[in-house]
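# A look at the structure
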Amino acid sequence: MTRLQEIRELTRVRVLLFFREPEAIFWVFVFPIVLAAVLGFAFRSGGIEPSTVAVVQGEGLARLTEAFEQDEYLEVEIFEVREEAFDKLRKAAVDLVIEPGDPPRVSFDPDRSEAATARLRVERALMPAADGATEPLVQLEPVTETGSRYIDFLFPGLLGMNLMGTGMWGVGFAIADVRRRKFLRRLMVTPMRRSSFFISFIMSRLVFLVLEIVVLAGFGRWILGVPFRGDVISFMIVCVLGGVTFAGLGILVASRVRTIEGVSGLMNLVMMPMWLASGVFFSYEKFPDVLHPVLRLLPLTALNDSLRAVMIDGDSILQHGSEFAVLACWCAVTFLVALKIFRWE
Amino acid sequence: MRGLVKRYGDLVAVDGIDFEVRPGACLGVLGPNGAGKTTTIEILEGLKPPDGGSVEVLGRSWNESPREIQERIGVQLQETEFQDKLTVFELLRMFRSFYLHGSDIESVVRTIGLQEKRNARVKTLSGGQKQRLSIGCALLNEPEILFLDEPTSGLDPQARRRLWEVVESFKSGGGTVVLTTHYMEEAERLADDLIILDHGRVIARGSPSAIVASLGAESVVRFALAGTDIHELAEDELNALQGVRSMRYEGATISLSVVDTPGVIAGLFDLIERRGLVLEDLHTHRATLEDVFVSLTGKQLRDD
Ligand SMILES: Nc1ncnc2c1ncn2[C@@H]1O[C@H](COP(=O)(O)OP(=O)(O)OP(=O)(O)O)[C@@H](O)[C@H]1O
Ligand SMILES: [Mg+2]
């Protein structure tokens, strides 16, 4: 048969095997969606948080609560016993405690930013009563920009992380598995071209990549409302290059190791630093400045930066030549090294 | 192959083996565990490079035209595990795609008798069916030589016989077979020529009947003594009996290689009576490859 048929059949087998592995489906498709949903929910910047203030019973209580009612961001809890109010304050269940008097006494924890906000709100609520002014001091113009929420930052990072994880696990495990079964040796006594074996891994990765991207990007776009500002071509180029690069890293990691355990260990060793330092969950700019150039050389950093630039900033990949070059270099080098050191026996 | 040598560190797994396989014949390679059978056959298959000696397969050498040889041979390895989650047909289709020429997948499915399991996953196959599938993968390119490494180890007698039928049908189509085994029966049934290996050396070669004849005995007489140490009977005493070619102590029994079985048994009864001993558990059988093997190496072919 022809070279092409050989690659097609090897790829078909890889794809079939993947779809017959329920755990793989979970990790590739379900897990990232759940993670994005959970993190997106946990860190949502859900508008302005109201402040909760504890008011202790006493002379002039009515005047205070009346003033606070004017501000929709002030929630009032009334306590008959002073100690109970302070107990809540210690547990940060209320942002401050106010005791009626002239002037009313406000207690708060100066280290909590919520407490500072609550203090300003309380002061402002009491101000008109003090000097009788009713006109607002400034005119408010709310600006709501999508693309600046945490989820908008997070989502491209999760996509990048997923491309890394599925590429490396998918390919690395599959190779470790054929090796463990001594199936690789069986292939070695056929005239199968070694390059076809590798190409089939890349091809099957591309099949999953398309599915993965469609499912995840669809979820991000339509459910989480993450913007996709850049052009589709740039987006696909970045995804494909990233996917292939990490498939190459997967081959490299599995190229000499004989056991599944060995492969998982090595895999974690390679991926762990990138989970932390490549700007998945938080920007790598939080690391010291001197490290930035090094961090930008990591493949996942380059992938995440390109994804963010294309999705959120609406850039074209052409504007991000350096990230592209970093990925392309990783891709070329990992494949060359993997082919060189791959242990067939 | 000539003067083949393979070392693993200090261990010499194959120590100067040479043999030739006649086209259309079946060569059986017989030997106990660790004799070097797998090592030898894997060198022939091009999986391992030899440390010394030369190998030619179908008139070619592995260094010069590996792909051409691979196109024309079929291989079943001792320990391959197929992917459980593929079906019989999917697996065969993949192997078929590696070869330029070969047979139709359905006809291979028929040859190995797995029509009913065509769409079953590998996981659901029995041991014998898996082994036949493994041979099926080796038959897809209509090979000129089929290499089988212990194809029936661990199978029950019925599964073993079905597999032999597959091999016989390949042979009857003019194919050449190289087969390793620990089973005498298998070697006697399938092999036209045999070599017996031990410690990486050839210790006997020839057709099965010629090898048995080389023992110079027709039968083996085995017996034990009731309530006495068998060493009560000295080697000389037994060797002196008319018709005994050789004798060995085997655990609690004594084994005699003999010609003229009735004469030896009569002599043996006589001797035992004279010594006032009691015979127990006497039996005799026609000499087999197993006996040749035991007399050559002092070991059983199989541990079981
Ligand atoms: N990869 C290896 N590394 C080191 N020693 C090996 C290796 N493969 C085989 N050996 C040793 O070489 C010797 C011959 O092994 P081989 O597998 O050829 O035996 P065999 O006749 O096929 O045995 P079996 O009947 O158990 O399959 C054994 O002593 C074995 O321990
Ligand atoms: Mg063996």
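A few points on the structure. Just so you know, these numbers come straight off a predicted model, no measurement behind them.

Residues and elements named next belong to chain A. Relative to each other, helix α1 (residues 3-19) and helix α8 (residues 194-224) sit at 50°, their axes nearing to 8 Å. The orientation of α1 relative to α8 falls into the category oblique. Classified by chirality, the crossing of α8 by α1 is right-handed. Across the interface between the two elements, Arg 3, Glu 6, Ile 7, Leu 10, Thr 11, Arg 14, Val 15, Phe 18 and Phe 19 of α1 pack against Ser 195, Ser 196, Phe 197, Ile 199, Ser 200, Phe 201, Met 203, Ser 204, Val 207, Phe 208 and Leu 211 of α8. When grouped by side-chain class, the residues that make up the contact of α1 with α8 number twelve nonpolar, five polar and three charged.

Attention shifts here to the sheet that holds strand β13 (residues 279-286) of chain B. By definition, the strands of a sheet pair up through backbone hydrogen bonds, in either a parallel or an antiparallel sense. Residues and elements named next belong to chain B. With respect to topology, four strands assemble into an open sheet ordered β11-β12-β10-β13, the strand pairing being antiparallel. The outermost strands of the open sheet, each flanked by one partner alone, are β11 (244-250) and β13. Each strand axis lies, on average, 20° off the axis of its neighbour in the sheet, ignoring direction. In this structure, strand β10 (residues 219-225) lies alongside β13, joined through six bridges in antiparallel fashion. Within β13, the position partnered with Ala 224 by the bridge is Glu 280. This element, helix α10 (residues 261-274), spans β10, β11, β12 (253-258) and β13 of the sheet and lies at about 165° to β13. Relative to β11, helix α11 (residues 289-297) is tilted by about 75°, and along the sheet it contacts β10, β11 and β13.

Our focus in this paragraph is the packing of helix α2 (residues 22-42) of chain A against helix α6 (residues 150-180) of chain A. All names here are of chain A. The contact between α2 and α6 brings their axes to 10 Å, and the two run at 160°. Regarding the angle of α2 to α6, the classification is roughly antiparallel. In this structure, the crossing between α2 and α6 has a hand that is right-handed. The segment α2 lies against α6, with Trp 27, Val 28, Pro 32, Leu 35, Ala 36, Leu 39 and Gly 40 engaging Tyr 150, Ile 151, Leu 154, Phe 155, Leu 158, Met 161, Asn 162 and Thr 166. Taken together, the residues of the contact of α2 with α6 sort by class into twelve nonpolar, three polar and no charged.

Let us now look at the pattern of salt bridges. For the coordinates displayed, the defined rule picks out 31 salt bridges over all chains. Glu 79 of chain B serves as the salt-bridge partner of Lys 182 of chain A, at 2.7 Å between the closest nitrogen and oxygen. Here Lys 182 of chain A is found in the loop between α6 and α7 (183-188), whereas its partner Glu 79 of chain B is found in the loop between β5 (73-76) and α3 (88-96) on a different chain. Since its relative accessible area comes to 30%, Lys 182 of chain A is described here as partly exposed. Taking the shortest distance from any N to any O, the salt bridge between Lys 171 of chain B and Asp 192 of chain B comes out at 3.6 Å. Remark: Asp 192 of chain B occurs in the loop between α7 (184-190) and β8 (193-198) and Lys 171 of chain B occurs in helix α6 (residues 157-172); sequence separation between them is 21 residues. Because the salt bridges share partners, they merge into one network encompassing Asp 177, Arg 180 and Arg 181 of chain A together with Glu 81 and Asp 84 of chain B.

Basis of the calculations
Residues numbered from 1 in each chain as written. Chains lettered and ligands numbered in written order. Predicted model: local features only at pLDDT ≥ 70, side-chain atom pairs only at ≥ 80, totals over all residues. Heavy atoms only, no water. Axes fitted to C-alpha atoms, helices over the stretch in contact; angles between N-to-C directions. Helix = DSSP H or I, 4+ residues; strand = E, 2+ residues; numbered from the N terminus. Parallel < 35°, antiparallel > 145°, perpendicular 65-115°, else oblique. Left-handed = near helix turned anticlockwise from the far one by under 90°. Contact = heavy atoms within 4.5 Å. Nonpolar A, V, L, I, M, F, W, Y, C, P; charged D, E, K, R; others polar. Pairing = 2+ DSSP bridges. Salt bridge = Lys/Arg side-chain N within 4 Å of Asp/Glu carboxyl O. Buried < 20%, exposed > 50% of the residue type's maximum accessible area, 1.4 Å probe, protein only.

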